[in-house]
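A look at the structure
Each chain, written out:
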Amino acid sequence: MDPIELRLLPDTALIEPAGELSIGGCLVSSLAAQFGTPLFIYDEQHIRNRCREAAESFGAGNVVYATKAFLCTEMAKLVHEEGLMLDVATGGELFVALSAGVPANRCVLHGNNKSADELHYAIREGVHHIVVDSFDELERLEHVAGFHGAQVNVQLRITPGVHAHTHEFVSTGQDDSKFGFNMGNGDAMQAVETVRRSSRLNLIGLHFHIGSNVLDIEHLGKAIDVMVSFFAPLGLSDLTVGGGLGVAYVASEHAPTMEQWGTVVRRATASLPKDVVVRVEPGRAIVASSAMTVYTVGTQKDIPGVRSYVAVDGGMSDNPRPMMYGSGYEAFMPTLPSALRPRNVRVVGKHCESGDIVIEEAQVPAELEVGSLLATPVTGAYGYSMASNYNMVTKPAVVFVKDGQARVVRRRETYEDLLTLNPN
Ligand SMILES: *Cc1c(COP(=O)(O)O)cnc(C)c1O
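Below you will find a few notes about this structure. This is a predicted model, so every value here is computed, not measured.

1. Looking at the packing of helix α2 (residues 44-58) against helix α9 (residues 258-268)
For the pair α2 and α9, interaxial distance at closest approach is 9 Å and the crossing angle is 25°. Considering the angle they form, α2 stands roughly parallel to α9. Here the hand of the crossing between α2 and α9 comes out right-handed. Taking contact as the criterion, the partners of Arg-50, Glu-53, Ala-54, Ser-57 and Phe-58 in α2 are, on α9, Met-258, Glu-259, Trp-261, Gly-262, Val-265 and Arg-266.

2. Observations concerning the packing of aromatic side chains
By the definition in use, this model includes eight aromatic pairs. Between Tyr-42 and Phe-400, the ring centres sit 5.7 Å apart and the planes meet at 45°, which makes this aromatic pair tilted. One end of the pair, Tyr-42, is in strand β4 (residues 39-43); the other, Phe-400, is in strand β19 (residues 397-402), with 358 residues separating them in the sequence. Residue Tyr-42 is classed as buried on the basis of its relative accessible area of 0%. Relative to Tyr-384, the ring of Phe-70 lies with its centre 6.3 Å away and its plane at 75°, an arrangement referred to as edge-to-face. Highlighted residues: Phe-70 in the loop between β5 (64-66) and α3 (73-81) and Tyr-384 in the loop between β18 (373-377) and β19, separated in sequence by 314 residues. In this structure Phe-70 comes out as buried when scored by relative accessible area, which is 0%.

3. Thoughts on the site of the ligand
Residues in contact with the ligand amount to 16 residues; listed here are only the nearest, Lys-68, Ser-212, Glu-281, Arg-284 and Tyr-382. Within the backbone of Gly-283, one N or O atom sits 3.0 Å away from an oxygen atom of the ligand. Protein contact buries 93% of the 390 Å² of open area that the ligand shows by itself. Residues of the shell around the ligand, tallied by class, amount to three nonpolar, eight polar and five charged.

4. Focus: the pattern of salt bridges
Counting across every chain of the model gives 17 salt bridges. One salt bridge connects Arg-48 with Glu-82, and the closest N-O pair in it is separated by 2.8 Å. With Arg-48 in helix α2 and Glu-82 in the loop between α3 and β6 (85-88), this residue pair connects regions lying 34 residues apart in the sequence. By relative accessible area, which is 13% here, Glu-82 ends up buried. Residues Arg-279 and Asp-238 are paired through a salt bridge, measuring 2.8 Å at the closest nitrogen-oxygen approach. Linking Arg-279 in strand β13 (residues 277-279) with Asp-238 in strand β12 (residues 238-240), this pair joins segments that are 41 residues apart in sequence. Its relative accessible area of 4% is what places Asp-238 among the buried residues. Taken together, the shared-partner salt bridges connect Glu-44, Arg-48, Arg-52, Glu-74, Lys-77, Glu-81, Glu-82 and Arg-407 into one network.

5. Section: unusual backbone geometry
The omega torsion across Thr-37 and Pro-38 is -10°, close enough to zero to call that bond cis. Its place among the elements puts Pro-38 in the loop between α1 (28-35) and β4. Despite not being glycine, Asn-213 has its phi angle at roughly 55°, a positive value. Unusually for a residue other than glycine, Asn-391 sits at a positive phi of about 65°.

6. Some words on the environment of Asp-216
Residue position: Asp-216 is located in the loop between β11 (201-207) and α8 (217-231). For Asp-216, a relative accessible area of 37% gives the class partly exposed. Each C-alpha atom of the pair Asp-216 and Val-345 lies 30 Å from the other, and the pair is 129 residues apart in sequence. Engagement of the side chain of Asp-216 in a polar contact is seen with the backbone nitrogen of Glu-218, the distance being 3.0 Å.

7. What about the packing of helix α5 (residues 116-125) against helix α6 (residues 135-148)?
The interhelical angle for the contact between α5 and α6, taken along N-to-C directions, is 45°, at an axis separation of 10 Å. When the axis of α5 is compared with that of α6, the two are oblique. Judged by the sense of rotation from one axis to the other, the crossing of α5 with α6 is right-handed. In this structure, α5 uses Ala-116, Leu-119, His-120, Ile-123 and Arg-124 to contact α6, whose residues at the interface are Glu-137, Arg-140, Leu-141, Val-144, Ala-145, Phe-147 and His-148. Among the residues forming the contact of α5 with α6, the class breakdown is seven nonpolar, two polar and three charged.

Analysis parameters
Residues numbered from 1 in each chain as written. Predicted model: local features only at pLDDT ≥ 70, side-chain atom pairs only at ≥ 80, totals over all residues. Heavy atoms only, no water. Axes fitted to C-alpha atoms, helices over the stretch in contact; angles between N-to-C directions. Helix = DSSP H or I, 4+ residues; strand = E, 2+ residues; numbered from the N terminus. Parallel < 35°, antiparallel > 145°, perpendicular 65-115°, else oblique. Left-handed = near helix turned anticlockwise from the far one by under 90°. Contact = heavy atoms within 4.5 Å. Phe/Tyr/Trp six-rings, centres within 6.5 Å; stacked < 30°, edge-to-face > 60°. Buried < 20%, exposed > 50% of the residue type's maximum accessible area, 1.4 Å probe, protein only. Near = heavy atom within 4 Å. Polar contact = N/O pair within 3.5 Å; in protein donor to acceptor, adjacent residues only side chain to side chain. Areas by Shrake-Rupley, 256 points an atom, 1.4 Å probe, with all protein chains shown as cover. Nonpolar A, V, L, I, M, F, W, Y, C, P; charged D, E, K, R; others polar. Salt bridge = Lys/Arg side-chain N within 4 Å of Asp/Glu carboxyl O.

Purely spatial values, then, with no claim about function.
As structure tokens, this is what we get:
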């Protein structure tokens with residue numbers, strides 16, 4: 001029933017005197033008119049603010065932005081400008097980061113199944129280090145490093161056997177995980193010994209990441225305690241404690257700040273020698289709340305005694321999270337951001353699936369009608385980056401707004417783009 005809470009919106013979101021919402025000094029309705037819908041609007045200042053908070057809490061060089069949350073060349077440039085490093089998990093992510101002008105030695109290569117091609121690419125370009133995930137990869141990397149006559153800095157990804165108390169698909173630190181070397185069964189120690197015997201691979205440290213969207217950072221703290229007790233006796237210089245700091249998607253949620261996360265990480269690593277580098281890898285916490293998606297309502301359908309449907313001009317192709325994780329979102333009208341939201345509706349997309357749901361139970365203003373703009377905040381992470389062309393829907397445009405200026409960082413796809421992969 002309450003209006004949308006401003007704390008869920010990007011930092012520069014403002015209700016203008018005339019009653020409409022602006023972000024970065026740009027009226028949302030004007031952006032929708034100029035660039036069309038669906039439209040991703042990113043608040044550049046918000047992203048920079050989160051980068052600066054992370055840098056203040058951990059030291060800029062120790063913050064590695066997880067690019068899978070959202071990546072394009074402008075995003076890579078921005079994060080690099082703020083002094084952060086970039087975590088890339090595929091050759092494609094590395095290519096985009098390098099294309100943005102980010103030096104390879106500001107990139108860290110991740111991934112549980114890196115191909116030989118990806119390893120060749122990363123070593124040729126000179127990434128800062130490679131996070132090795134399996135015994136098979138150790139063997140492959142040894143071979144590739146030998147081919148280049150290179151010394152390669154590596155971290156080993158360790159699975160500490162800790163539950164992240166988050167959705168099963170995004171919790172990665174438990175024993176039953178496809179990621180990393182298990183601590184409990186001795187694999188982790190065996191991997192350390194294997195790398196130490198190698199003349200090509202230089203073990204700089206360990207890495208772990210227990211899961212994503214963690215709202216109770218004490219869980220992250222406990223996982224770090226477990227890792228620290230394994231890490232400390234090895235005398236290594238570099239410990240990465242992963243990402244996972246959650247964000248509030250809906251009014252009932254509250255997320256810790258970067259600063260609070262920093263306090264937990266510092267406390268959990270306080271017993272380590274002062275020269276140990278402690279790195280973090282936030283993705284979602286940097287970008288999720290920096291953006292919102294703006295849709296246009298196309299149809300409404302009331303089924304008396306059952307429910308009301310509101311269909312927008314996007315859906316699972318621009319935000320698969322509700323379908324994948326059952327994630328919740330809020331919705332509001334950017335032309336009436338102070339409006340009460342008394343109507344309960346299901347917001348759905350335009351795809352040929354009943355599961356194509358944007359919000360299962362949304363509260364929306366009584367004024368919502370066909371043609372209205374409807375916005376979903378906190379869509380900056382794992383939305384556009386997971387977008388697809390399902391139903392041959394063209395991907396939305398992405399704009400960065402700042403100081404009254406909007407710039408397109410990803411243009412809207414056209415029908416012609418749907419043919420670009422044809423062989424002739
Ligand atoms: C996904 C991922 C991250 C980022 O997770 P967030 O929840 O977005 O902070 C960091 N490190 C690794 C290894 C990841 O896979």
